[in-house]
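Single-letter residue listing:
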Amino acid sequence: MIEPQSLIDTTITPGLPAPFWFIQFLKVLGFSLHEVPMNLWYAGIICSMILAAAGHPQGRRFSSRLMSQMPVLIALGVNFGIVPLLFIQVAYSKLFYPATILMAWFWLAVIVLLTPAYYGVYLYAFGLYDNERTMRRWKRVVGWVSAVAFILIGFIFANALTLTDNVAAWPEIWQKTSVGAAATGTGLNLGDARLWPRWLMMFGMALTTTAAWLVVDLAWFGGREDDDYRRWAPEFALKLYAVGAVWYWVTAAWYLFLTWPTETLRAMFLSPWAVLMVLTGLSPLGAGALLFLRRQRAQPVTRGWATAVGLAQFAMLLINAISRQVVQNHEVSRYFDVAGQPVQTQWSSLVVFLVSLIAGIAGIAWMLAQLPKAHASDTAH
């Protein structure tokens, strides 16, 4: 019988280029920033296609708005995704690389799926710019294909990240998919009971992010929208957020109580992590409460309120990312001491990275800040 630890290469242990806590901080922060646009293409595209097909005029309007923004959102998401992907390869390389080697062809398929999906979104957006009511049927088909492709990409990533933690499954997957002791790269983590609820839970979170974005988009970029859309948008956002929150809670309960090992449950629901787990479970209530209270008090959609909704939603994503990181560290500690790796701080590379990251975020923030001004100028004319 092959011991899972034997598949982890410990012969070469180069030092981490920065302290472990710092790598984790950037990994979690980068993933949270990546999640915002990622959620919008993960659940937002399929929601947009369904709303466009349903024929409701305001639903079609939101669909058009979101899909016209999608090329930029995908670009932001892909670039923000580099940060967490970089740091998982830095600190968790001895776990991440074997996992992705076992499923190498599926991992490479991300590029095969992403490229046409990205072009497909552009084709659909150009169709909207031409005339959304007379868009050619093949462009609508392309929109559906892109939606499915992004969901498949999410499934592949869920496989890779769960397999990174599921070291115990490596020997069986390797033996089933190897030829002459060489991995063929055709394995998937389908036998892991945690894969399915974790993948579906991410979709529930993506639905809540799409709902929060609806009101943020209306408040900051929807200056030319009519009163009918302004009344419809926050009402639909509340309904969509409720669906996403319930979806999240159901799949999270499935994930925690039906798939977590007893030792993981015990560790996460005792001090010091019990408070974090409670906050994670309650995290959708922030943005959800703001959406609900606006409806109860019949308040207008203001930029301040919409910004509060957006920040509350980002807090939800951040808290969930922190929880996931804590759980990951606990699960892999049985096979490899990630935190105990030696540290050889590379200050020159670290400084260059931080300066580039801060400059990039500042540049993106400045560009986003110009959009409301551009919309206000268009409205004035």
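Everything in this summary refers to the structure shown in the same document. Not measured: the values here are computed from a predicted model.

## Focus on the overall build of the chain
- Along the backbone of the chain there are 14 helices and two strands.
- The C-alpha extent of the chain, read off along each of the three principal axes, is 70 × 45 × 45 Å.
- A burial count over the chain gives 49% of its 381 residues as buried.
- The contacts in the chain between residues at least 6 apart in sequence include a share of 82% that link residues at least 24 apart.
- Surface exposure of the chain reaches about 18,400 Å², of which carbon and sulfur atoms provide 70%.
- On the chain, the mean spot of the 25 positive side-chain charges and the mean spot of the 18 negative ones are 7 Å from each other.

## Focus: the side chain of Gln-58
- Locating Gln-58 in the fold gives a position in helix 3 (residues 57-91).
- With sequence-adjacent residues up to four places away left out, Gln-58 is seen in contact with Asp-226, Asp-228, Tyr-229 and Trp-232.

## Here we look at the environment of Val-148
- Relative to the elements of secondary structure, Val-148 occurs in helix 6 (residues 137-165).
- With 103 residues separating them in the primary sequence, Val-148 and Ile-45 have C-alpha atoms 8.9 Å apart.

## Structural notes on the pattern of salt bridges
- One pass over the structure, following the stated rule, counts 13 salt bridges.
- The partner of Glu-235 in a salt bridge is Arg-295, with the nearest N and O atoms 3.3 Å apart. Of this pair, Glu-235 sits in helix 9 (residues 227-259) while Arg-295 sits in helix 12 (residues 285-297); the two residues are 60 residues apart in sequence, bridging distant segments of the chain.
- We classify Glu-235 as partly exposed; its relative accessible area is 24%.
- The class of Arg-295 is partly exposed, set by a relative accessible area of 42%.

## Some details on the packing of helix 8 (residues 195-221) against helix 13 (residues 303-332)
- Viewed as axis vectors pointing N to C, helix 8 and helix 13 meet at an angle of 160°, and their least axial separation amounts to 8 Å. In terms of their interaxial angle, helix 8 and helix 13 are classed as roughly antiparallel. As helix 8 runs across helix 13, the sense of the crossing is left-handed. When helix 8 is examined against helix 13, the residues Arg-198, Met-205, Thr-208, Thr-209, Ala-212, Val-215, Val-216, Ala-219 and Trp-220 are found in contact with a partner set consisting of Arg-303, Trp-305, Ala-306, Thr-307, Val-309, Gly-310, Gln-313, Met-316, Leu-317, Asn-320 and Arg-324.
- In terms of residue class, the contact of helix 8 with helix 13 is built from eleven nonpolar, six polar and three charged.

## What to know about helix 7 (residues 170-177)
- Residues of helix 7 that are buried include every one of Trp-170, Pro-171, Ile-173 and Thr-177, and no others. Across the axial projection of helix 7, the buried residues extend over an arc of 165°, all falling on one side.
- Those residues of helix 7 hidden inside the fold are in contact with helix 4 (93-102), helix 6, strand 1 (178-179) and strand 2 (182-183).

## Describing the nonpolar core
- Counting 104 residues, the largest nonpolar core has Ile-45 and Leu-95 as its most contacted members.
- No other element matches the 17 residues that helix 8 contributes to this core.
- Apart from the residues lying within four places of it in its own chain, the contact partners of Ile-45 are Leu-40, Met-67, Met-70, Val-121, Gly-143, Ala-147 and Phe-150.

## Focus: a nonpolar patch on the surface
- On the surface, Leu-190, Trp-196, Trp-254, Phe-257, Leu-258 and Phe-269 cluster together into a nonpolar patch covering about 620 Å² of accessible area.
- If you tally residues by element for the nonpolar patch, the top one is helix 9, at three residues.
- Mapped onto the secondary structure, Phe-269 falls in the loop between helix 10 (262-268) and helix 11 (274-282).
- According to the relative accessible area criterion, Phe-269 is partly exposed, its value standing at 36%.

So, how was this worked out
Residues numbered from 1 in each chain as written. Predicted model: local features only at pLDDT ≥ 70, side-chain atom pairs only at ≥ 80, totals over all residues. Heavy atoms only, no water. Helix = DSSP H or I, 4+ residues; strand = E, 2+ residues; numbered from the N terminus. Buried < 20%, exposed > 50% of the residue type's maximum accessible area, 1.4 Å probe, protein only. Contact = heavy atoms within 4.5 Å. Areas by Shrake-Rupley, 256 points an atom, 1.4 Å probe, with all protein chains shown as cover. Lys, Arg positive; Asp, Glu negative; His and termini not counted. Charge placed at Lys NZ, Arg CZ, Asp CG, Glu CD. Salt bridge = Lys/Arg side-chain N within 4 Å of Asp/Glu carboxyl O. Axes fitted to C-alpha atoms, helices over the stretch in contact; angles between N-to-C directions. Parallel < 35°, antiparallel > 145°, perpendicular 65-115°, else oblique. Left-handed = near helix turned anticlockwise from the far one by under 90°. Nonpolar A, V, L, I, M, F, W, Y, C, P; charged D, E, K, R; others polar. Arc of directions from axis to C-beta. Core = buried A, V, L, I, M, F, W, Y, C linked by side-chain atoms within 4.5 Å. Patch = residues over 30% accessible without salt bridge, like charges linked within 9 Å, V, L, I, M, F, W, Y side chains within 5 Å.

Honestly, it's all geometry; don't read function into it.
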